[in-house]
Amino acid sequence: MEQQDLFESQSGPIQKQLEALRVAISYHNDRYYRHSQPEISDQAYDALFRELQALESQYPDLLTPDSPTQRIGAAPLESFQKVQHEYPMLSLDSEIQREEIQAFDRRVRRELDVESIHYVVEPKYDGLSVELIYEHGVFIRGSTRGDGIIGEDITVNLRTIRSLPLRLSNEADAPAHVGVRGEVVMLLQDFQTLNHRLRANGEEPFANPRNAASGALRQLDSHVTASRPLTIICYELLGTWMEWPASHWERVSLLGKWGLPIPVHRRSCSSIEETMVFHSEMAAQREQLPFEMDGIVIKIDNLDWREQLGEKSRSPRWAVAFKFPPRTEITQIQDIVLSVGRTGALTPIALLTPVEVGGVTIRRASLHNVEEVERKDVRVGDTVKVERAGDVIPDVVERVVIPGEIRGEPFQLPTACPICQSAVMQEGPILYCTGQLFCQAQIKGALEHFASKGALNIAGLGKKTISQLVEQKLVKDLSDLYALTKAQVLALEGFAEKSAMQLIDAIENAKTIPFSRFLFGLGIRHVGTHIAQVLAKSFESLGHLMSARKEDLEQIDDIGPEIAAAIETFFDAPHHQSVLNRMWERGVSVERLDGQPQERLVLTEKNFVLTGTLENWTRQEAKQQIESLGGRVTSSVSKHTDYIVAGKDPGSKLTQAKQLGVAILDEEQFKLFLQAKSGS
Ligand code: IVH
């Protein structure tokens, strides 16, 4: 058999199978994302998807660009290619006053010399406009607006958008070449979920859905885009084709028939007055809509008339945006307080004289971070402009300068967390509370992380249970987890005899834990699984790590100054040392790399000073012994010193220690002390 025949005879049935899977997946995708009416379960969908993935990896030659598997992202790009738009991407003239809209209507009627005009009105979506190109029904290219003439090729990113069909549904009807214009947006609910996720990961949230959508589309790694929930709405069919209707309304309906998502809220109006009714209705509904819109677009329906009117340099003469009044208002700042997030980030919040902005009363607005407060120079008593931009909490846009006003003091940077009084540390523009393990604002997040798969992996300790434990004050810091009783768990909502016992057992089993998982579980800033493993390999025990200084940590590969500082700060916090201490007391045992238990850290919170010469130990050995039990060796005596170990020929440190009433151990006593403490 010829090589070619062999290929065909093998690929024929496979190709059919691939095709069947792709059609089925696209169909269910469309049911789910465009119609919100799934017909099969998520599991069944995933099973189909995995089957297709497996088959495609077995037959890579048969992979096609419109395969649903392309939605999960492709290899990262170095940069975006430039593409010239087929039709210039114009923008719209926008008006805010009814009179201006009436003037627009008069102008176009005069120019066309007609009595009345049919308009189509659509929401003006607040997102990013894109051009989509389909060839023979297959989505082949998509680009950003750019300068209106040349945009960036974001095809791979657009493929990840579930509501964008990779193939038109009435492919046979679709002409060989279709250009479409639409808007990529992030639905408000998706935006809030995403910001929640970003905050939980200690990342900066987006200010509004538009920025979030834009951030997602501009990713060179389309896997990131795929992880961000985007939606597309198509509102213009580009170009003319003999068979295409000469009415915008019908052209958009045609897009819908091809399976493209089109505006749900659109209306055909026989006069400009009717468009104004639509404007008022949408303005009234604005707060309830699942997407952000900043006005409506009024378009002449008749394509011939559109052509007759033509375009100005950057906007068409046949359409106008009728914007909503901005959702901004002026008010005063009554106070600036700090809110502590689950990651410990301190966000300055302005408490305002209540003001109504777009139908909602605003009492608080975010100042984002301390640098923003400084940059905007806002102070208590100032008059400010506030804006609602789709985010849960509105923004302080700027200070309104009032000539001759007497101003309050500049905002003082806090030195302690308002919730737990721990020291704060600044990283970039953000201040963090360092009381990670016991700060009440962070404790739920800390517990969820501690119990999670990569850390202690405690089955049955989910969000809901953690919430109850914290709210009922059964758990105030991580160590309290190990003091829970079955009776306490039983009293929680959703627990029965058996499940309560299972949770207690799971916590008991998690008492013995590998070093790196324990470290990861502590949720030290910047210490993810990788750094936790690096630390576990570099330090014999937790005790050694706890007494390591920034400079020691920075010597280790992969550990830079920021990570080193975060680790030092974490273990230096006296509160953390007591939380860890209580863990040991409650039976937690961290394993060495070889699986042997580490020494119990009985000396945490204890400071030692060594002086003179010891007969049976070098300085280094003595230091290591102390550190392996969690103690710290410092070079000078202070009121924080707990013990001084005095060998032969002690120096002035001994005199100082005596003056301060520090406990003194000679070599023999030191030996006995260590033996007693380590239980050997
Ligand atoms: S039509 C030639 N329809 O508004 C006019 N634009 O300021 C083509 N936009 O860049 C635009 N919703 O990103 C049109 N239903 C809609 C729209 C819409 C939002 C955006 C679009 C455009 C901007 C104009």
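Residues numbered from 1 in each chain as written. Predicted model: local features only at pLDDT ≥ 70, side-chain atom pairs only at ≥ 80, totals over all residues. Heavy atoms only, no water.

K.L.:
Quick rundown of the sheet that holds strand 11 (residues 319–323)? Include the residues and the values.
P.N.:
Strand pairing in a sheet is mediated by backbone hydrogen bonds. Such pairs are either parallel or antiparallel. One open sheet holds the five strands; their spatial order is 2-11-10-3-9, and the pairing between them is mixed. Because the sheet does not close on itself, it has two edges, and the strands there are strand 2 (94–95) and strand 9 (267–269). Sheet topology places strand 2 next to strand 11; two bridges connect them, and they run parallel. In the sheet register, Glu 95 faces strand 11, and the bridge partner there is Phe 322. Of the strands in this sheet, strand 2, strand 3 (119–125), strand 10 (293–300) and strand 11 touch helix 3 (residues 98–112), which is tilted by about 170° from strand 11. (Pairing = 2+ DSSP bridges. Helix = DSSP H or I, 4+ residues; strand = E, 2+ residues; numbered from the N terminus. Contact = heavy atoms within 4.5 Å. Axes fitted to C-alpha atoms, helices over the stretch in contact; angles between N-to-C directions.)

K.L.:
Outline the side chain of Asp 480, supporting the account with residue identities and numerical values.
P.N.:
The topology assignment puts Asp 480 in the loop between helix 13 (463–471) and helix 14 (486–490). Discounting chain neighbours no more than four positions away, the residues touching Asp 480 are Leu 474, Val 475 and Arg 586.

K.L.:
How would you sum up the packing of helix 20 (residues 561–572) against helix 21 (residues 574–585)? Please name residues and give values.
P.N.:
Where helix 20 contacts helix 21, the two axes come as close as 5 Å, and the packing angle between them is 65°. Relative to helix 21, the element helix 20 is oriented roughly perpendicular. Across the interface between the two elements, Phe 570, Phe 571 and Asp 572 from helix 20 touch Pro 574, His 576, Gln 577 and Leu 580 from helix 21. (Parallel < 35°, antiparallel > 145°, perpendicular 65-115°, else oblique.)

K.L.:
Can you explain the site of the ligand? Please cite residues and give values.
P.N.:
Residues in close proximity to the ligand total 14 residues, the closest being Glu 122, Tyr 125, Ser 129, Glu 183 and Lys 299. At 3.4 Å, a side-chain N or O of Lys 124 approaches an oxygen atom of the ligand. Separating a nitrogen atom of the ligand from a backbone N or O atom of Tyr 125 is a distance of 3.0 Å. Burial of the ligand by the protein chains amounts to 91% of its free accessible area of 520 Å². Looking at the shell around the ligand, the elements with two or more residues in it are strand 3, strand 7 (177–185) and strand 10. Per element, the largest residue contribution to the shell around the ligand is four residues, and it comes from strand 3. Among the residues making up the shell around the ligand, the classes are represented as seven nonpolar, two polar and five charged. (Near = heavy atom within 4 Å. Polar contact = N/O pair within 3.5 Å; in protein donor to acceptor, adjacent residues only side chain to side chain. Areas by Shrake-Rupley, 256 points an atom, 1.4 Å probe, with all protein chains shown as cover. Nonpolar A, V, L, I, M, F, W, Y, C, P; charged D, E, K, R; others polar.)

K.L.:
Residue-level account of the sheet that holds strand 21 (residues 607–611), with values.
P.N.:
Pairing in this open sheet of four strands is parallel, and the strands run 22-21-23-24 from one edge to the other. Either end of the sheet is taken by a strand with one partner, and the two such strands are strand 22 (632–634) and strand 24 (663–665). Neighbouring strand axes in the sheet, compared pairwise and without regard to direction, differ in orientation by 30° on average. Strand direction decides the pairing type here: strand 21 and strand 22, joined by three bridges, are parallel.

K.L.:
Which residues make up helix 9 (residues 272–285), and what are the values?
P.N.:
The end-to-end C-alpha distance of helix 9, which contains 14 residues, comes to 20 Å, matching closely the 20 Å that a straight helix rising 1.5 Å per residue would cover. Restricting attention to buried positions, one finds in helix 9 the residues Ile 272, Thr 275, Met 276, Phe 278, His 279 and Met 282. Seen end-on, helix 9 carries its buried residues on one side only, within an arc spanning 155°. (Expected span 1.5 Å × (residues − 1). Buried < 20%, exposed > 50% of the residue type's maximum accessible area, 1.4 Å probe, protein only. Arc of directions from axis to C-beta.)

K.L.:
Summarise the packing of helix 12 (residues 443–451) against helix 13; cite the residues concerned and give the values.
P.N.:
One way to put it is that helix 12 packs onto helix 13 with a least axis distance of 10 Å and a crossing angle of 135°. The orientation of helix 12 with respect to helix 13, classified from their angle, is oblique. Helix-helix and strand crossings are classified by hand; for helix 12 and helix 13 the assignment is right-handed. Where helix 12 abuts helix 13, its residues Ile 443, Lys 444, Leu 447 and Glu 448 lie against Lys 463, Ile 466, Ser 467, Val 470 and Glu 471. The class makeup of the residues in the contact of helix 12 with helix 13 is four nonpolar, one polar and four charged. (Left-handed = near helix turned anticlockwise from the far one by under 90°.)

K.L.:
Talk me through the side chain of Thr 611; I want residue IDs and the actual numbers.
P.N.:
Within the secondary structure, Thr 611 sits in strand 21. Of note is the side chain of Thr 611, whose polar atom sits 3.1 Å from the backbone nitrogen of Gly 651. In contact with Thr 611, other than residues within four places in its own chain, are Arg 619, Ile 644, Val 645, Ala 646, Gly 647, Pro 650, Gly 651 and Lys 653.

K.L.:
So what's going on with the packing of aromatic side chains? Which residues, and what values?
P.N.:
Throughout the structure, instances matching the rule amount to 13 aromatic pairs. Ring centres 5.2 Å apart and planes at 50° place the aromatic pair Trp 617 and Phe 670 in the tilted group. Taken together, the residues Trp 617 in the loop between strand 21 and helix 22 (619–628) and Phe 670 in helix 24 (residues 667–678) connect sequence positions 53 residues apart. You'll find Trp 617 and Phe 670 in the same group, each marked buried. Cluster of aromatic residues (ring-pair linked, three or more members): Phe 450, Phe 518 and Trp 584. Arg 266 extends its terminal NZ or CZ atom over the ring of Trp 249, reaching a point 3.6 Å from the ring centre. Here Arg 525 stacks its cationic end above the ring of Tyr 432, 3.5 Å away from the centre of that ring. (Phe/Tyr/Trp six-rings, centres within 6.5 Å; stacked < 30°, edge-to-face > 60°. Lys NZ or Arg CZ within 6 Å of the ring centre and 35° of its normal.)

K.L.:
Quick rundown of unusual backbone geometry? Include the residues and the values.
P.N.:
At Asp 113, a position not held by glycine, the phi torsion is positive, near 60°. Using a relative accessible area of 69% as the deciding quantity, one classes Asp 113 as exposed. With a phi angle near 45°, Asp 377 is a residue other than glycine that sits in the positive phi range. Counting through the fold element by element, Asp 377 comes out in the loop between helix 11 (370–376) and strand 15 (383–387). The partly exposed category is assigned to Asp 377, whose relative accessible area is 27%.

K.L.:
So what's going on with the environment of Ile 72? Residues and values would help.
P.N.:
In this fold, Ile 72 is placed in the loop between helix 2 (42–58) and strand 1 (82–84). As a C-alpha pair, Ile 72 and Thr 529 span 457 residues in sequence and 24 Å in three-dimensional space. Apart from residues no more than four positions distant in its own chain, Ile 72 is found in contact with Phe 49, Gln 53, Arg 162, His 223 and Ala 226.

K.L.:
Just give me the short version of the pairing of strand 15, but keep the residues and values in it.
P.N.:
For strand 12 (residues 328–340) and strand 15, the ladder comprises five bridges, and the chain directions are antiparallel. In the sheet register, Ile 330 faces strand 15, and the bridge partner there is Lys 385. Two elements, strand 15 and strand 16 (residues 395–399), share four bridges in a ladder whose sense is antiparallel. Bridge pairing in strand 16 places Lys 385 opposite Glu 398.

K.L.:
Could you give me a rundown of a positive patch on the surface, with the residues and numbers involved?
P.N.:
On the surface, a cluster of positive charge is contributed by Arg 106, Arg 107, Arg 110 and Arg 317. One can find Arg 317 in the loop between helix 10 (303–309) and strand 11. (Patch = residues over 30% accessible without salt bridge, like charges linked within 9 Å, V, L, I, M, F, W, Y side chains within 5 Å. Salt bridge = Lys/Arg side-chain N within 4 Å of Asp/Glu carboxyl O. Lys, Arg positive; Asp, Glu negative; His and termini not counted. Charge placed at Lys NZ, Arg CZ, Asp CG, Glu CD.)

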